[in-house]
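Breakdown of the fold
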Amino acid sequence: MTSSQSVHPNELVVVTGASTGMGAATAKELAHRGFHVLAGVRRQADADALRADGIEPQILDITVDSDVTAIADRVARDRRPLRALINNAGIAINSPVETLPIAQWRRQFEVNLFGHIAIIQALLPALIRSSGTVVNISSVGGKVVLPTYGAYAGSKFALEAASDALRREVADLGVKVVVVEPGAVKTAMPERGIATAQELIADMSAAQLARYGDLNTAVTAQARSFLDVGVPAEHAARVIAKAATASRPRTRYTIGRDAAILVRISRLVPDRVLDRIVRRNLRSFTGKSTSVGAVQV
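A short tour of the structure in this document, coming up. (Residues numbered from 1 in each chain as written. Predicted model: local features only at pLDDT ≥ 70, side-chain atom pairs only at ≥ 80, totals over all residues. Heavy atoms only, no water.)

So, the overall build of the protein chain
- Looking only at helices and strands, the protein chain has 10 helices and 9 strands in total.
- Rg of the C-alpha trace for the protein chain: 19 Å, near the compact-globule value of 19 Å for 297 residues, within the 12% margin.
- In terms of overall dimensions, the protein chain has C-alpha extents of about 60 × 40 × 35 Å along its principal axes.
- Partitioning the contacts of the protein chain with sequence separation of at least 6, the portion at a separation of at least 24 is 72%.
- Working note: accessible area of the protein chain is about 13,700 Å², and carbon and sulfur atoms make up 52% of it.
- Distance from the positive charge centre (36 side chains) to the negative charge centre (27 side chains) of the protein chain: 7 Å. (Helix = DSSP H or I, 4+ residues; strand = E, 2+ residues; numbered from the N terminus. Rg over C-alpha atoms; globule rule 2.2 N^0.38 Å. Contact = heavy atoms within 4.5 Å. Areas by Shrake-Rupley, 256 points an atom, 1.4 Å probe, with all protein chains shown as cover. Lys, Arg positive; Asp, Glu negative; His and termini not counted. Charge placed at Lys NZ, Arg CZ, Asp CG, Glu CD.)

Okay, here's the thing in C-alpha cells:
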C-alpha cells in the first residue's frame, strides 16, 4: 500500500449498492486503501460474497426506512469518524415516456433519488462531525437525456440538482459534496436494464409497438455494445475513491471517454444539433432512417 493510499486509516466509509459492479469494486478499492467499509447490499448471499478484511457488509435497501435507520445506528456506535458516504445504489428503467407506467416512474425516483436523500439525511450529522464527503453517483444521463431514458435521466438530473443544493448548504460546515458521472462501465446494470425493458415492451399495445418498436430494438443493441467498450468497474472505483478521499475534490468527475465527450458536447451545441447527433448514433444500430436516436447512458 502506498503512502497516498493510507492517508486516512481507521476511518469509516459507507457505500450503498455494493453487491456488484462499481459499488463492489469501490468497496474493495477503499478497503485496500485502509478504510473500514460498511458495504450496503440487499441479499445475504451478496454479503457473504463481499465480506473481506476491511469490508463489513450491511443489509441495506435505501428505500426501506428501517434499513436506513440501522446503518445510521451502526455508524453512530463506531468511534471511527465517517470519512465518506458514497451513494451508488441505483436502477435503470427505460421505456418511452408514453408507455412507461406511472408506478415505474415512481419506483425509478424512489431508488435513484429519494433513497439517496434518506441516507444523506440520516448520515449528515456524522459527516458534519468528521468534515466528511458525500459522493453521489449520477450518470452522463444526468447531463444528456436520450430516448427511452426519460425516467432514468430524470432521476439523475434531479440528483444533480439536489447535490448542487446540498453542496452550497453544507460548505461552511466543512462537508464536501461531489457528483460522479459515469458513462459506459462494464457491469451487470446494462443487462438488468435490458431485461426490464423487454418486460415493459411485452406490455405495450400494438399501436405503441408500431410507434416505438424500432427505437427499442436500437436502444437494446446499443446498450449491449457497452459490454464491449465500457471501462472496467475497477477503473470507475479508482475515480470514485479519489473523489471520496481528496482534501479538495472537484465538484464533478466523469468516468470514461464517452462521458467526458457527451458532457462537453452538451455544453457547446444547441439542442437541435444534439438531436441530430443522437439520431446518427441510433442509425448505426438500426440501419434505417428514424426520427429519434438513443445512446445508453
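A short note on the pattern of salt bridges
- As enumerated under the stated definition, the model contains 13 salt bridges in all.
- The shortest N-O distance in the salt bridge between Asp78 and Arg80 comes to 2.8 Å.
- Relative accessible area serves as the criterion here: at 29%, Arg80 is assigned to the partly exposed category.
- One salt-bridge network, held together by shared partners, links Lys143, Glu160, Asp164, Arg167, Glu181 and Arg252. (Salt bridge = Lys/Arg side-chain N within 4 Å of Asp/Glu carboxyl O. Buried < 20%, exposed > 50% of the residue type's maximum accessible area, 1.4 Å probe, protein only.)

Here's the deal with helix H10 (residues 271-286)
- The end-to-end C-alpha distance of H10 is 23 Å, a good match for the 22 Å that 16 residues give at a rise of 1.5 Å each.
- Among the residues of H10, those classed as buried are Leu274, Val278 and Leu282. The buried residues of H10 all sit within an arc of 80° when viewed along its axis, so they share a single face. Turned more than 90 degrees away from the buried face of H10, the exposed residues are Arg272, Arg280 and Ser284.
- Summarising the contacts, the buried residues of H10 are in contact with helix H7 (206-229) and helix H9 (257-268). (Expected span 1.5 Å × (residues − 1). Arc of directions from axis to C-beta.)

Considerations on the layout of surface pockets
- What the largest pocket holds in volume is close to 1,000 Å³.
- Around the largest pocket, the lining comprises 43 residues; the ones closest to its centre are Ala89, Gly90, Ile91, Met189 and Arg192.
- Every element with two or more residues in the lining of the largest pocket is listed here: helix H1 (21-32), helix H4 (102-130), helix H5 (150-170) and helix H6 (189-202).
- Considered class by class, the residues forming the lining of the largest pocket number 19 nonpolar, 17 polar and 7 charged. (1 Å grid on protein atoms, 1.4 Å probe; cavity = no way out; pocket = protein on both sides within 12 Å on 5 of 7 lines; lining within 4 Å. Points joined across faces, edges and corners; volume = space filled by probe spheres on them. Nonpolar A, V, L, I, M, F, W, Y, C, P; charged D, E, K, R; others polar.)

Things to note about the pairing of strand E6 (residues 176-182)
- For E6, a buried count of 7 out of 7 residues is recorded, marking the element as mostly surrounded by other parts of the structure.
- Burial along E6 is two-sided: the residues Lys176, Val178, Val180 and Pro182 and Val177, Val179 and Glu181 are all buried.
- As judged from the 5 bridges shared by strand E5 (residues 133-137) and E6, these two strands associate in the parallel manner. Counted as the bridge partner of Ile137 is Val180 from E6.
- Chirality of the crossover, the property in question, places the unit of E5, H5 and E6 among those that are right-handed.
- Where E6 meets strand E9 (residues 252-255), 4 bridges bridge the pair, whose relative direction is parallel. Across the sheet, residue Val180 finds its bridge partner in E9, namely Tyr253. (Pairing = 2+ DSSP bridges. Right-handed = clockwise from strand over helix to strand, strands pointing away.)

Considerations on H9
- For H9, with 12 residues, the first-to-last C-alpha span of 17 Å sits near the 16 Å given by 1.5 Å per residue.
- Residues of H9 that are buried: Ala259, Leu262 and Val263. Projected onto a plane normal to the axis of H9, the buried residues spread over an arc of 100° and lie on a single side. Exposed residues lying more than 90 degrees from the buried face of H9 are Arg257 and Leu268.
- Considering only its buried residues, H9 is in contact with E6 and E9.

In short, geometric facts, not functional conclusions.
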